[in-house]
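Structural features, examined
Here are the chains, one letter per residue:
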Amino acid sequence: MNQLAVIAVKFIIAAIAFAIGLDLFFDANITDIFSFSLFAALATYLLGDRVVLPALGHRSAYIVEFFTVYLGVWIFGSVLYENYLQIAWGSGISAVIFTAGEVFVHLFLLERMQTAERRSIRTGHAAFGTEFSKELDPLEKNKKD
């Protein structure tokens, strides 16, 4: 359920970003906004949050998500729109707004992961976790004899 909530939040952020970037400044219809939002939410979730974020951290995830949204709108926008100025400005504005919204999504994810880690920590005794001993090397023992 948490993963669906993250995708839903990403979809809402993307819809707001594309409504501002594509519809407010240019002439885009609601179908384009929702299709771009669905693509951006799923692509950035799979690529940015599931692959890059755990491996490389937040900054790398922001960069990957920015370019995913920017290139996604650029590629799909070139098919739908004939005005390249609209595509360039719309994809740039939308990608900046989407990336700014991703800061809050990553903070939400980080809070959820830390809460889950706190729940998963055992509160039992660490019987062997702090035990120190000098290990005997069997080869050195034979050398001394």
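Not measured: the values here are computed from a predicted model.

Conventions used here
- Residues numbered from 1 in each chain as written.
- Predicted model: local features only at pLDDT ≥ 70, side-chain atom pairs only at ≥ 80, totals over all residues.
- Heavy atoms only, no water.
- Core = buried A, V, L, I, M, F, W, Y, C linked by side-chain atoms within 4.5 Å.
- Buried < 20%, exposed > 50% of the residue type's maximum accessible area, 1.4 Å probe, protein only.
- Helix = DSSP H or I, 4+ residues; strand = E, 2+ residues; numbered from the N terminus.
- Contact = heavy atoms within 4.5 Å.
- UniProt positions renumbered as here; feature names shortened; annotations may be inferred.
- Bend = angle between axes of the 7 residues up to and from the residue.
- Salt bridge = Lys/Arg side-chain N within 4 Å of Asp/Glu carboxyl O.

Turning our attention to the nonpolar core. Of all hydrophobic cores here, the largest spans 22 residues; its most connected members are Phe 18, Leu 22, Val 69 and Phe 98. Looking at this core, the elements with two or more residues in it are helix 1 (2–24), helix 2 (30–56), helix 3 (58–80) and helix 4 (84–120). Phe 18 has contacts with Asp 23, Ile 33, Phe 36, Ser 37, Ala 40, Val 69, Val 73 and Ser 94, leaving out every residue within four places of it along the chain.

Time to look at the UniProt feature "transmembrane region" (unreviewed entry) in the chain. Listed under "transmembrane region" (unreviewed entry) in the UniProt record, and renumbered for this structure, are residues 29–48, 60–81 and 87–110. Across residues 29–48 one finds 95% helix and 0% strand; the C-alpha atoms that close the span lie 27 Å apart. Across residues 60–81, the secondary structure splits into 95% helix and 0% strand, with the terminal C-alpha atoms separated by 30 Å.

Further remarks concern the environment of Ser 37. Note on placement: Ser 37 falls in helix 2. Through-space distance from the C-alpha of Ser 37 to that of Ala 17 is 8.5 Å; in sequence the pair is 20 residues apart. Contact partners of Ser 37, with chain neighbours within four places excluded, come to Phe 11, Ala 14, Ala 15 and Phe 18.

What follows is about helix 2. Roughly 35 degrees is the biggest bend found in helix 2, and it falls at Tyr 45. Just downstream of helix 2, Gly 57 is the residue with a positive phi angle, here 105 degrees.

Under the definition given, this model contains 3 salt bridges. For Glu 65, the salt bridge is made with Lys 10, and the minimal N-O distance between the two is 3.5 Å. Taken together, the positions of Glu 65 in helix 3 and Lys 10 in helix 1 put the pair 55 residues apart, joining distant regions of the chain. Accessibility expressed as a relative area gives 0% for Lys 10, which makes it buried. Each member of the salt-bridge network shares a partner with another, and the members are Lys 10, Asp 49, Glu 65 and Glu 102.

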